[in-house]
Amino acid sequence: MDLKGKSAIVTGGSRGIGRAICLKLAKLGADVAINYYPGLKEEAEELKKEIEKIGSRGYPIEADISKMDEAKKLIEQAVATMGKVDILVNNAGITRDSLILRMSEDDWESVLAVNLKGVFNCSQAVAKYMVKERKGVIINISSVVGLRGNIGQANYAASKAGVIGFTKSLAKELGSRGIRVNAVAPGFIETGMTQGFPQEYREKILKQIPLGRFGLPKDVASLVAFLASDEASYITGEVISVNGGIIL
Ligand SMILES: NC(=O)c1ccc[n+]([C@@H]2O[C@H](COP(=O)([O-])OP(=O)(O)OC[C@H]3O[C@@H](n4cnc5c(N)ncnc54)[C@H](O)[C@@H]3O)[C@@H](O)[C@H]2O)c1
């Protein structure tokens, strides 16, 4: 795989899976715009330094991608700074877990705003640019929970299932313009998002993973890099799981 000469944007790129994706794309030669949520400048700047050590370039850009105007500015700034954008990875996401009877309107709306509307915001802005170029790759991070559901995550599951429908529709709309759109559905990955799980719950999940371990951010990043590369030039509209064989 080779991404030399390519420019990528990774939303929520300063930590967790996003960070691993930034590093992997950079290792393969891409320049990377590291989108970070307001307040996380320091970790984005640190990642920029790591990317420079690898020999690529990193460009931290602040934006709350749930807001259309900020998402538009993110894409504009990335194009202006890097000269172009070949790859968008919609990675930013949040959870607000609660059983349905207790789920507040805000739990629902905030998760949908980041996980689904954020994907729409960034994809629409980048599609306007990519359609003119007649090429591009969009990769959306969904979840095993979007495919199979999960207790306490009706909002999150709905947002991630929504991302799958969105991905498949965009792949159909944009394929004739040379743009590929795919989704990646990770299982349980060791990041801040899963760190707070009670030990009992972790053990319960672990029993359902045939490969016997939680995933690592780099496991997801490898798949994203493949989908971003020309090695995947005939793959679009797909949802590819990376979950250790989990039986949910
Ligand atoms: N960790 C898992 O087990 C797992 C499993 C399946 C899918 N995912 C998905 O992978 C993606 C990355 O999650 P993670 O595990 O690395 O979690 P994480 O909490 O470590 O990282 C999430 C990133 O998104 C950013 N973010 C949140 N809201 C944002 C906003 N409005 N604008 C810009 N950035 C924002 C955060 O600042 C952070 O950098 C998410 O979409 C998540 O739903 C994670």
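Look up: the structure comes first, before these words.
A brief report on the enclosed structure follows. (Residues numbered from 1 in each chain as written. Predicted model: local features only at pLDDT ≥ 70, side-chain atom pairs only at ≥ 80, totals over all residues.)

### Thoughts on the overall build of the protein chain
- Across its full length, the protein chain carries nine helices and seven strands.
- On C-alpha atoms alone, the protein chain measures out to a radius of gyration of 17 Å, which is about the 18 Å that the 2.2 N^0.38 rule sets for 248 residues.
- With the C-alpha coordinates aligned to their principal axes, the bounding extent of the protein chain is approximately 50 × 40 × 35 Å.
- Taking all 248 residues of the protein chain together, 45% fall into the buried category. (Helix = DSSP H or I, 4+ residues; strand = E, 2+ residues; numbered from the N terminus. Rg over C-alpha atoms; globule rule 2.2 N^0.38 Å. Buried ≥ 20, exposed ≤ 12 C-beta atoms within 10 Å, placed from the backbone.)

### Structural notes on the site of the ligand
- Near the ligand, the surroundings consist of 28 residues, among which G12, G16, A92, G93 and T191 are the closest.
- Residue assignment for the shell around the ligand shows that the elements contributing at least two residues are α1 (16-27), α4 (105-133) and α7 (192-195).
- For the shell around the ligand, the class distribution of residues is twelve nonpolar, 14 polar and two charged. (Near = placed C-beta within 6 Å. Nonpolar A, V, L, I, M, F, W, Y, C, P; charged D, E, K, R; others polar.)

### As for the pairing of strand β2 (residues 31-36)
- Burial within β2 is extensive, with six of its six residues counted as buried.
- Both faces of β2 are covered, namely the face carrying D31, A33 and N35 and the face carrying V32, I34 and Y36.
- Judged from the four bridges that link them, strand β1 (residues 7-10) and β2 form a sheet pairing that is parallel. Each residue of the ladder has a partner; that of A8, found in β2, is V32. (Pairing = 2+ DSSP bridges.)

### Things to note about the packing of α1 against helix α9 (residues 217-228)
- Closest axis-to-axis distance for the α1/α9 pair is 8 Å, and the angle between their directions is 50 degrees. By the angle class used here, α1 and α9 are oblique. As for how α1 packs across α9, the hand of that crossing is right-handed. Between α1, through G16, I17, R19, A20, I21, K24 and L25, and α9, the contact on the second element is made entirely by P217, K218, V220, A221, S222, V224, A225 and A228.
- Of the residues assigned to the contact of α1 with α9, the class counts are ten nonpolar, two polar and three charged. (Axes fitted to C-alpha atoms, helices over the stretch in contact; angles between N-to-C directions. Parallel < 35°, antiparallel > 145°, perpendicular 65-115°, else oblique. Left-handed = near helix turned anticlockwise from the far one by under 90°. Contact = placed C-beta atoms within 7 Å.)

### Re the sheet that holds strand β4 (residues 87-90)
- Taking strand neighbours across the sheet as the criterion, the seven strands line up as β3-β2-β1-β4-β5-β6-β7 in an open arrangement whose pairing is parallel. Bordering the open sheet on either side are β3 (58-62) and β7 (239-242), each of which pairs with just one other strand. Taking each pair of neighbouring strands and ignoring which way they run, the sheet shows an average axis angle of 20 degrees.
- The strands touched by helix α2 (residues 41-54) within the sheet are β2 and β3, with β3 carrying the most contacts at an inclination of about 165 degrees.

### Things to note about the pairing of β4
- Of the two faces of β4, the one holding I87 and V89 and the one holding L88 and N90 are both buried throughout.
- Sheet topology note: the β1/β4 ladder contains three bridges and is parallel. Bridge pairing in β4 links I9 to L88.
- As paired elements, β4 and strand β5 (residues 136-141) share four bridges and run parallel to each other.

### Description of the packing of α4 against helix α6 (residues 154-174)
- Taken N-terminus to C-terminus, the directions of α4 and α6 make an angle of 15 degrees; their axes are 8 Å apart at the nearest point. On the basis of the axis angle, α4 is roughly parallel to α6. Read as a crossing pair, α4 and α6 show a hand that is right-handed. Contacts between α4 and α6 involve D107, W108, V111, L112, N115, L116, V119, F120, S123 and A127 from the first element and N155, Y156, S159, K160, G162, V163, F166, L170 and L174 from the second.
- For the contact of α4 with α6, a count of residues per class yields twelve nonpolar, five polar and two charged.

### Digging into the nonpolar core
- A8, C22, L25, V32, V224 and A228 are the most contacted members of the largest nonpolar core, which totals 68 residues.
- In terms of residue count, α4 provides more of this core than any other element does, nine residues in total. (Core = buried A, V, L, I, M, F, W, Y, C linked by C-beta atoms within 7 Å.)

### Details of the environment of L47
- Checked against the element boundaries, L47 lands in helix α2.
- With residues near it in sequence (within four places) discarded, L47 still touches S14, R19, C22, I34 and G58.

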